[in-house]
Every structure is written in C-alpha cells, then in structure tokens.
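Reading the structure
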Amino acid sequence: MPWGHTKIAMETAEFQVLTGEPVPLPNSAGLHARPAARFAATAKTYQCTIELVRGVDHVNAKSVVGIMGFGTQMGDPLQVRARGVDAVEAVTVLTDLLRKGCGEESGPSPVALQEYPAQVVCATHFGATVPSFQGVCAAPGQAVGVVVQFRRAGIEVSEVGGSPSLERLQLHAALDQARGQIETLQSAAGSAVQAKILEAHLELLQDPGLIDGALHGIAIGKSAAWAWQAACTASAQHLESLSGSSNATLRERGNDVRDVGRRVLMLLTGAVPTSFELPDNAIVVAQELTPSDTGAFDRSKLLGFCTISGGATSHVAILARSFGIPAVCSMDPRALQIRNGTRVMLDGDQARLLSEPTDAEVSLVEQQLSRKALVHAQQLATAQSLAMTKDGYTIEVAVNVRNAQDAQEGIANGADGVGLLRSEFLFDNRDSEPLEEEQAKAYAAVADALGPQRCLVVRTLDVGGDKPLRYLPLPPEENPFLGMRGVRVGLEYPNLLRTQLRAILRTAGRARLHIMFPMVATLEEFRAARNILQEEQDRLGIAPVQVGLMIEIPSAAVMSSQFAKEADFFSIGTNDLTQYTLAMDRGHPKLAGKTDGLHPAVLKMIALTCEGAKTHGKWVGVCGSLASDLLAVPVLMGLGVTELSASVPVIPAIKTLVRRVSLQECQQLAFEVLEMGTAAQVRERLTAFSKTIEE
Ligand code: PEP
Ligand code: MG
C-alpha cells in the first residue's frame, strides 16, 4: 500500500475526519463517466463515509452521478475526506487514485480532433447545389449510404405506486436484471472502449445518488418507475446544465444516466425495446445515441453515425473510431429532417453530411473507396507470402499485439510473426498482480495463435511513472519519463519480473520464443535482467531462448556494438527513441508536429544500432510506430533493419512495398537522408521516392 504518498490531516481524533492533501486533477476531460465510475467503485470498497472535496464544495465519493455532477476540470485541486474505521486507508488509496487519473489511459487528446462550427451551408460541389450539413468531426473516413433516422419510443409511466415495500422490491429486481443485461452486452462488446463504457454503466446502477432519490420517491407513494425516472431525469438535467462549460465531455454525463435510466425503466414498465432493423449501408442520424443504442445496431449494415448532440469526446465518437467508421457529431438539427432512405454522403474528415449528393460526387467518393478497397484486397491476396525485395533479400514483417486476438488478426493479415507483445495488458486495470498461471495461459494463447514455426517476441512489463499500476507502490516522480520505467521497475521488483519470466518461459516451444527487456539504458541493467532470466530458465529446466533488448534510449543505440556482444537481437522502439533523442515528450500536444521519427538525428541512432549489431551478426527489428509508416519503410531497410513489426492494417501494404524495392536502392536512399538537416527534408525525399515505386 503506498502509504508514503499522501499527507493526511486529522481534524478531530474523536470523529476521525481525515483529509488527504490536494491533488491537481490530471484528467484532461475532468472526472467524466469512466474515471468517476472507477473512483466511486474504489470508494465503495470502504466502510467509512467519503467525500470528494474542492474548496468548500464536496460530494459523496461513492456516487458516480455526484462525482460527474461536480463538474471537475483538469487542474482542479481535489481532496479526499473520510470519516470512519478504514478512513486512513481510504484517503490514502483514493488520493493516489486521483493523482493517477483514476485509471484513465493516456491517449490522443480529443482536442486534437479538428472542431468545426455547427452550421448549415448550401455549398456548391462540382457545380451542383446540394444541402450540406456541417458538424464536428468525430471519427474520420467517408461513406455513401442511406439515412436511417433513429428515434426512441416514449415509455408510459404511472405516477402512483402500490405499497412502498412492493415498489422497492420491483426497483431492486429491475436493477438486478439491468445489471445482467449490461454484463451480457459487455461480454459481447465489439471493442475494449465499448466494454469500458458499459463498466461505467454498471457503476451507475448502484449509484447511491440515483437509488436514494428513487427510494425517496417510493417512500412518498410514487411508483418505482416514476420515482426512478424522476431521480434519473433530475441527475441527467443537472449534469447537462453543466454543459455550458468549456468541457465538452460534460454533455456525455447526462447521456450515460439517461441510458442506464431508460434500461431500468423499460424493465420496470415492461416496455418492449424498439426493434431496429437497419437496411444495408445505413447512416444513422439521431438526436443522440447512447452506448446501448450503438451496441444494438448490426455492425455489418452500419456505415456511419451522425448525431445532433455530442462532440469529439462523445461515446459515439469513441465507438465510431473503434469500429473504424466515420461519424459527425454536433450536427445541425435540420439533419433530423432528412427523409429515411435518402442517399447521403458522410464525410468524417470534413465533418459534413451531404444530402442527395450528385452522382458525380458519389462516384468520386465511391471510386476513392473502391480503389482503396481494391488495393487492399490485392495486397491481402499476397500477404501470406514472404516479403522479398527485388534483389532477393527477405524482410520479416511482424505484428505488434496486446493479446491472442490481435495475434490471430495479424496472422490473417499476413504477419510473419509477432514482433512485439506488449504484456502490459495483463497488468493494467486491476487491483493485484496477475498470478503466474494466469499469465502463462495468456502467453500460451498468443503463442498458439502463431504455432511453433513463427517468431514471438515478448516484451517484459513496461510500466513506470507514466504508466502506473495500482498495486505497485512507485512514488510520484518529478520526471517520470526519466525515472522508474521499463526494465528498471522489473529490477526494483524482481519477484514481479521473475514471475513474469517464468510464465513467458512456459510457452517455449509453442512458438519461436524471444524475450526482450524494455527501456534498457546500461549494460548493467541488461546483464542484471538477463541473469534473472537465466536463473528462472535453469529452475524450470528450459533450453535457452533468444534474449534481446529494446533500443529506446540513445545510450543503448550509441553502445549497440557492446550490447550486441551480449544480446541475441535488438528491437528499436522508435516512439521512445524519438522522444529521448529529441528531448520532446511523445505525448505533448504542442510538440506533436515536431516529434518525428524521421528526424535525421533519430535515423542516425537507428544507423548506429544496425552497425553495432552487424559487427556481431545480430539482427535488428523496429517495433515502434515508424515501422508502420510506409514512407519510412525503405529507409529503415536501407539502414539495415531486417524485421518490421507493425500494426495489423498496414501489414499487407508493407509486404507489397518491400517487394517493389531493391535493398540496394534503399541503402542509397538511407545514405542520402542521413546527410539531411531536417525531418521535413527527409519526408520530402521519401515522398518523392514513394512515387517512383507506385504502380
Ligand atoms: C516504442 O517506444 O517505440 C515502443 C514500441 O514502446 P511503447 O510505445 O510501448 O513505449
Ligand atoms: Mg517504448
């Protein structure tokens, strides 16, 4: 337990009112549904009463609705106040949870998505005047399809209830049933994002704010349905009243409460869900869409979403991105008047919906889409063969994965193996460390997706100050990117590393196993980690496996020849190598345009790595995102990289590209760009080169 992190003030010993130190809220969108749910769920594990405090304001920390309605914003100084038997632990744990963003993953900031003012314009496209509705970009891409106006049927609710005890029973039964429904939806969720949203909904079902409100209504003679509806409406309206603030995510909070509220209300009233059969190529237009609505649509018939409410941070936007379909939110309300079945063109990039586009417009978009689809199909058709250059050199094209499902997808898309298994997925979002058995099963599932002939590179746990784990008491750091990260954490907590290594080693033979350590800066770190691996290998009596390291820190790149004497392979993590070479935070929104892996300084680091490896006959792969950048592929090959581990969708295109070039011309290209002064010059040269190999 990280007792050391939190200073606790005890106001009166008698009542044990404890207050944690103020924490500036790190969440860019405040405590919206998911982090609020996580915070409330943790608070509920304690018996004491707990409040979340901001200055003189406070809310019940066990109420998701209360926390969401608190209208928190990034930077708000929040404190945890508790009274009761386990108050000390509650304050400590919850203060740490706040500090760590309540488990919210860092990801591209929603503000990075371009926002467009909502307006209707009559624009002229290709000489024709067509109604064009403007909104806010929520998910990229284009689609041509037919409008399906989505409306929910109203639910009749009678105000007067039977005996309060009966109404209470009905309420609890409906809440239980709703829980079962959401759990079923969660297990069938089409994406991790959707599953997380549903997890927040499960929390809302137990929210003391909503339940107490409903019970109060029942106590004064209202029906359970009426009382529940009133409690949900009041909470949702309160949350929506906060949406005038600059934080767009606030609008979503009311949407969550309404969604859960409606589900329970239908169960209480016996209302039948509106069955909603989508036609083929549907573009759904709605005032708003809740996660339950979007989850119920037939994905095979759905081409896009368009909603009047919501913005770039809405659930619709997040889900559409995870489904890979375009979406536009904050759309002009007049889009609701487009007749069902009308042909429309949805352009997520331009945040626009064109009603009845001209044939010329449709055919232009359709041509682009079918050209993309055709090229992809052609590339996919040859993706299962090896990628060999025109002059006969083979490049291994592997896939970066988090679990067995990703590995299967990668193989189906032509991956020759797994070049990076990010093992963090087993360790995140939980309260205790995964046991060896659980880990072994998960690694075996990935290995079995590959089979004994394919290569599996497992990276040991890569966490630290920037990617904290709840159960790992890492003290807060001034500079987490330069602190306890990657292999340093494994060496600090050797039992954690040993358990993981044993679990990984148990998969030996099911695939061609390689183990690598992340964020290695010094030979001593590599040796210490490798010795631990050796000891566990000896204990299990397993034959030696290939052992490598990630090249992510300039010191390792510069000393690659020394490392290559002792390691079997290198895999370059260009995401971190770029940030450490250029001293630019990889997640900094203002530096996003400059943190470029094609900067000549980063390319020089890659060149040094390859030279050092070559001296000792070791191979070098790239598993950072530069390997998924088609512009970068020829230059990486020219520098001496022989394995590229990329994201699933780009694998067929990489294989096609490799077959169109010769290693010799790639080497010439690499030689040229290494001499350039800026990343822009490198990109310009590589763009020109890519044109020469287009078909
Ligand atoms: C990298 O740094 O390039 C890398 C692959 O590791 P991660 O992105 O997981 O830090
Ligand atoms: Mg990294």
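In short, a report on the structure. From a predicted model like this one, the values you see are computed outputs, not experimental measurements.

Side note on the site of ligand 1
- Lining the immediate surroundings of ligand 1 are 14 residues, of which Arg422, Glu552, Gly573, Asn575 and Arg586 lie closest.
- Between an oxygen atom of ligand 1 and a main-chain N or O atom of threonine 574, the distance comes to 3.1 Å.
- Between ligand 1 and aspartate 576, the relevant distance is 3.0 Å, taken from an oxygen atom to a main-chain nitrogen or oxygen of the residue.
- Its free accessible area being 290 Å², ligand 1 has 98% of it covered by the protein chains.
- Here the residues of the shell around ligand 1 are counted per class, giving 3 nonpolar, 4 polar and 7 charged.

Some thoughts on the pattern of salt bridges
- With the rule as written, the count across this model stands at 30 salt bridges.
- Glutamate 536 serves as the salt-bridge partner of arginine 539, at 3.6 Å between the closest nitrogen and oxygen. With a gap of 3 residues between them, arginine 539 and glutamate 536 both fall in helix α16 (residues 523-540), about one helical turn apart.
- Glutamate 536 gets classed as buried once you look at its relative accessible area, which sits at 0%.
- Bridged by salt links that share partners, the residues Glu436, Glu437, Arg498, Arg502, Arg506, Glu535, Glu536 and Arg539 form one connected network.

Observations concerning the state of the cysteines
- Scanning all chains against the criterion turns up 0 disulfides.
- Residue cysteine 306 stays outside any disulfide, its sulfur separated by 8.0 Å from that of cysteine 329, the closest cysteine.
- On the accessibility criterion, cysteine 306 (0% relative accessible area) is buried.
- Given a relative accessible area of 0%, cysteine 329 falls into the buried group.

Analysis parameters
- Residues numbered from 1 in each chain as written.
- Chains lettered and ligands numbered in written order.
- Predicted model: local features only at pLDDT ≥ 70, side-chain atom pairs only at ≥ 80, totals over all residues.
- Heavy atoms only, no water.
- Near = heavy atom within 4 Å.
- Polar contact = N/O pair within 3.5 Å; in protein donor to acceptor, adjacent residues only side chain to side chain.
- Areas by Shrake-Rupley, 256 points an atom, 1.4 Å probe, with all protein chains shown as cover.
- Nonpolar A, V, L, I, M, F, W, Y, C, P; charged D, E, K, R; others polar.
- Salt bridge = Lys/Arg side-chain N within 4 Å of Asp/Glu carboxyl O.
- Helix = DSSP H or I, 4+ residues; strand = E, 2+ residues; numbered from the N terminus.
- Buried < 20%, exposed > 50% of the residue type's maximum accessible area, 1.4 Å probe, protein only.
- Disulfide = S-S within 2.5 Å.

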